[in-house]
Structure formats: C-alpha cells, structure tokens
Amino acid sequence: MPEATDSVRSILVAIADLQMRLTYQDDDIKQLNLVVTRQQGELSRLQQEMTQLRTRIAALPDPHAETARAEPPPPHY
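Residues numbered from 1 in each chain as written. Predicted model: local features only at pLDDT ≥ 70, side-chain atom pairs only at ≥ 80, totals over all residues. Heavy atoms only, no water.

Where do I start with the overall build of the chain in this structure?
The helix and strand inventory of the chain stands at 2 helices and 0 strands. Burial status across the chain gives 0% buried among its 77 residues. Surface accessibility of the chain: about 7,700 Å² in total, with carbon and sulfur atoms responsible for 62%. (Helix = DSSP H or I, 4+ residues; strand = E, 2+ residues; numbered from the N terminus. Buried < 20%, exposed > 50% of the residue type's maximum accessible area, 1.4 Å probe, protein only. Areas by Shrake-Rupley, 256 points an atom, 1.4 Å probe, with all protein chains shown as cover.)

Explain the pattern of salt bridges here, please?
Two side chains of opposite charge can pair, provided their charged atoms sit close to one another. In total, this model carries 4 salt bridges according to the counting rule given. Between Asp17 and Arg21 there is a salt bridge whose closest N-O contact spans 3.4 Å. A residue pair is termed a helical-turn pair when its members lie 3 or 4 positions apart in one helix, as Asp17 and Arg21 do in helix H1 (residues 2–59) at 4 residues. Given a relative accessible area of 37%, Asp17 falls into the partly exposed group. (Salt bridge = Lys/Arg side-chain N within 4 Å of Asp/Glu carboxyl O.)

Got a minute to help me understand a nonpolar patch on the surface in this structure?
The grouping of Val8, Ile11, Leu12 and Ile15 at the surface amounts to a nonpolar patch, some 360 Å² of accessible area in total. Here Val8 is to be found in helix H1. (Patch = residues over 30% accessible without salt bridge, like charges linked within 9 Å, V, L, I, M, F, W, Y side chains within 5 Å.)

What is shown is where atoms sit, not what they do.
See the structure below:
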C-alpha cells in the first residue's frame, strides 16, 4: 500500500502546484488587463489629437499659393 500513498501524495503535490500557477496567472492577467486598458485610453486620446491636428492643418492657408501669385516671374537670360 505504500505505493498508493506515494501516488496520492504526488497527485496532491501536482494539484497544489497547478493551483499556485493558476493564482499567479490570475494576477498576471489582472495586471495585463490594467496595462491594456491604460494603453487603450492613451491610444484613444492620441487618435483624437491627431484628428484635431489634421483639421487644423487643413484649415491653414497654403503659403505657396500666395507666394506664387505675389512674386513676378524671374527674368530670363
């Protein structure tokens, strides 16, 4: 019967090991979720800023269009 006791003991050790691993994995998943949530917020904020910048750039006058009309053509040799 000692073999059966050793077998049960090894199974209990394996179960305890799995439970510990599961606990660490749960903690890791919670930490990763916090990081992903924070990064999603940053990404949303950056996308909004980029949209605002595109709008501001589109509203700027084209400096080359005014310069071309205001300057006389260069003299030809």
